[in-house]
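In case you want the letters, here they are:
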Amino acid sequence: MRKLFFLIQLMPACYLLNAQSIKVYSNPPALASIKEADLKKDLYALADAHFKGRSGGTIDEIKAAMWIGEKYREIGLKPAGDDGTYFQYFNIWRNRVNQQSFVKINNQSLTWWSEMAVAQMANCNINAPILFVNKSEVAGLSADQVKGKVIAMEADPSMYNPAVSLPSWRYARSVQARYGSPLIAKGAMAIIFVADEVGEKTWEDAVANFKQGAYEVDGGPAMSIKNTVPVIWVRSAAKNILQKGDAFLNAHIIIEQYDYPSVNIIGKIDGTDPTLSKEYLLYSGHTDAHGIRNPVNGDSIYYGADDNASIDVAMFAMARAFKKNPSKRSVLFVIHGAEERGLLGSKWYAGHPTVPINSIITVLNADMIGRNHPDSAAVLGTQSPHKNSSELVEMLYQANLEGPQFKLDTLWDKSSHPEGWYYRSDHLPYARLGIPSLMFTTLLHPDYHTPLDNAERIDYTKLKKMTDWMYRLGWKVANSPKPPAKEIGFKLER
């Protein structure tokens, strides 16, 4: 009892109110079929160099998806994709800068990606003087001072916190959100950021991301780039030229567009209850990682072991358990394509489900569940405004007490957290539809989105504990008399 009370103390206050209602249940019937050895074997296979990092929209992602489909068949899942298969193909549209584009300062061409990079694309043809401002002046600039001008400024190293701003290229996004967006709102014609010491340190990683351009699903709102204001980064050596007061920008930026295939992999286990089997619990993961990019320690394959092969192999293990002992409700296993491109697979499935969307009563998503301290974890969607089912959250805490007894981090689910991670994984499109949704995670680490996120660095004992927890919760949801109730008045802050 002392241990139980201690663990409850670690949980958010919203759960303390319901502490007396906790009921401790026996283990789900097939819990023992989840084995650490299976998790390890499957993860080493999926995060192998053979799949070359499984980049979204590439043949390597498709190859990995075929392998996942074969795992579904071996486990005994029923196909739940299109045309009687495990697969749901969809198009993703890529917008990127055409190589005929150019950027010149004082009529001197800047070399793409080494001297200059475009962080926000816009079809444009600009010939205008450059106004250099100090970052301390930005907030006080009026629209009349900014409108129709090219504004240049040095980036702000205080925007970078390496403990949370991962991967490092997100620093550029933070700078743009803090300074670029307000200047654009005031009518700036273009923004030029001069790399500071952090910008120089993170340049190669940022450029690798900028080169990719922007992606959207077929028919999505960002399928075509509507920006009219480019955001350009230049190296620190350009600062002296820009500060002199007579610098001039000549920029001709052309955006080109391509479409690529991606695919969701969908299997199901039918429920045993004649009525409840028409409802679905959905487990969610994603296939893709980041392919081949900048080398680290001589290795350029971004294996994506924790992000996100860890949950994919956990889904295999849970599927084996549900196959051995089916629940009353049916269970969907959806491994989405192109998550790293902007949650594209989950956006597509939420808009084009292969079962009636109102029959999906809960989504249990996970992103990175195999690293960091062995006794801690986090679940996003447990705090307002992200919480959309108090009943589901209570069941989550019950499952934790009955099983792994993790100490739960609550900071990353706060709307004030600078990384906004709630908005960066595949539960989001479902949550926006009002479906009770949670995201399990063991949080970020320095190997995130690098070749060092490999199978050797996974804590397989912890991965099994996370898998057990997700299975325990799923078993509760899939057998409860009623679905978890939706939160009245649920509305996300974005």
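For the structure, see preceding data.
Quick caveat, the model's predicted, so the values are computed rather than measured.

Each helix and strand in the chain was counted, giving 14 helices and 20 strands. On C-alpha atoms alone, the chain measures out to a radius of gyration of 24 Å, which is about the 23 Å that the 2.2 N^0.38 rule sets for 494 residues. Once the C-alpha set of the chain is aligned to its principal axes, its extents read approximately 75 × 45 × 40 Å. The buried share of the chain, reckoned over its 494 residues, is 58%. Of all intrachain contacts in the chain linking residues separated by at least 6 positions in sequence, the fraction that spans at least 24 positions is 84%.

With that out of the way, let us pick up the nonpolar core. Counting 67 residues, the largest nonpolar core has Phe333 and Phe440 as the members making the most contacts within it. The element best represented in this core is helix H10 (residues 305-324), accounting for 12 residues.

The full count for this structure, using the stated rule, is 17 salt bridges. Notably, a salt bridge pairs Arg73 with Glu70, separated by 2.5 Å at the nearest N-O pair. A residue pair is termed a helical-turn pair when its members lie 3 or 4 positions apart in one helix, as Arg73 and Glu70 do in helix H4 (residues 59-75) at three residues. Residue Glu419 pairs with Arg424 through a salt bridge whose shortest N-O separation is 3.0 Å. What makes Glu419 buried here is its relative accessible area of 3%. Its relative accessible area of 15% is what places Arg424 among the buried residues.

Attention now moves to the pairing of strand E18 (residues 376-380). For E18, the buried fraction is high: four of the five residues fall into the buried class. The pairing of E18 with strand E19 (residues 407-409) spans three bridges and is classified as parallel. What sits directly across from Ala377, in E19, is Leu408. Regarding the hand of the β-α-β motif, the stretch spanning E18, helix H12 (residues 390-402) and E19 is right-handed. Across three bridges, the pairing between E18 and strand E20 (residues 437-441) is antiparallel. Its bridge partner lying in E20, Leu380 is registered against Met439.

Attention now moves to the sheet that holds strand E3 (residues 102-105). Backbone hydrogen bonds are what pair the strands of a sheet, in a parallel or an antiparallel way. If you trace the eight strands from one edge of the open sheet to the other, you get E4-E3-E11-E6-E7-E8-E10-E5, paired in mixed fashion. Both edges of this open sheet fall to strand E4 (108-109) and strand E5 (116-120), since each of them pairs with a single strand only. Sheet topology places strand E7 (residues 150-154) next to strand E8 (residues 190-194); five bridges connect them, and they run parallel. Looking at the pairing, Val150 lines up with Ala190 of E8. Helix H6 (residues 170-185) rests against E5, E7, E8 and strand E10 (231-234) of the sheet, and its axis sits at about 140° to E8. Strand contacts of helix H8 (residues 203-212): E5 and E10, with the helix running at about 55° to E5, the strand carrying the most contacts.

A separate point is the packing of aromatic side chains. For the coordinates displayed, the defined rule picks out 21 aromatic pairs. Measuring from centroid to centroid gives 5.5 Å for Tyr283 and Phe333, while their planes differ by 15°, and the two rings are stacked. Highlighted residues: Tyr283 in strand E13 (residues 280-286) and Phe333 in strand E16 (residues 330-336), separated in sequence by 50 residues. By relative accessible area, Tyr283 is classed as buried at 0%. Residue classification places Phe333 among the buried positions, given a relative accessible area of 1%. Pairing Phe322 with Tyr471 gives two aromatic rings, centres 5.2 Å apart and planes at 85°, and the pair type is edge-to-face. A residue pair is termed long-range when its members are at least 10 positions apart, and Phe322 in helix H10 and Tyr471 in helix H14 (residues 460-479) qualify at 149 residues.

Let's shift gears to the side chain of Thr362. Tracing the backbone shows Thr362 in strand E17 (residues 360-366). Here Thr362 is in contact with Tyr280, Leu281, Leu282, Leu392, Ile435, Pro436, Val477 and Pro484, once residues within four sequence places are set aside.

So, on to unusual backbone geometry. At the junction of Asp307 and Asn308, the peptide bond is cis and its omega measures out at 15° in the coordinates. Within the element layout of this structure, Asn308 appears in helix H10. For the bond running from Ser384 to Pro385, omega is 5°, close enough to zero to count as cis. Mapped onto the elements of the fold, Pro385 is located in the loop between E18 and H12. The phi angle at Arg54 is positive, at roughly 55°, despite the residue not being glycine. Even without a glycine there, the phi angle at Leu443 is positive, about 75°.

About the criteria used
- Just so you know, the residues in each chain are numbered from 1, in the order the chain's sequence is written.
- A pLDDT threshold of at least 70 governs which residues receive local features in this predicted model, and a stricter bar of 80 or more applies before side-chain atom pairs are shown or counted, although totals over entire chains, interfaces and linings include all residues.
- Excluded from the side-chain calculation are hydrogens and water; included are all heavy atoms of the structure.
- Segments assigned H or I by DSSP are reported as helices when at least four residues long, segments assigned E as strands when at least two residues long, and all are numbered from the N terminus.
- As defined in this context, the radius of gyration uses C-alpha atoms, and a globule is described by 2.2 Å times the residue total to the power 0.38.
- Relative accessibility thresholds used throughout: buried, under 20% of the residue-type maximum; exposed, over 50%; partly exposed, between the two (1.4 Å probe, protein chains only).
- The contact definition used throughout considers only heavy atoms, calling two residues in contact when any of these lie within 4.5 Å.
- To define a nonpolar core, start from buried Ala, Val, Leu, Ile, Met, Phe, Trp, Tyr and Cys residues and group those joined through side-chain atoms within 4.5 Å.
- Salt bridge, as used here: a side-chain nitrogen of Lys or Arg that lies within 4 Å of a carboxyl oxygen of Asp or Glu.
- Think of it this way: DSSP has to see at least two bridges between two strands before they count as a pair.
- With strands facing away from the observer, any crossover in which the path from the first strand over the helix to the second runs clockwise is taken as right-handed.
- Axes here mean lines fitted to C-alpha atoms, for a helix over just the part in contact, with angles spanning 0 to 180 degrees between N-to-C directions.
- Centre distance within 6.5 Å is the pairing criterion for rings of Phe, Tyr and Trp, where only the six-membered ring of Trp is used; planes under 30 degrees apart are then read as stacked, over 60 as edge-to-face, and the remainder as tilted.

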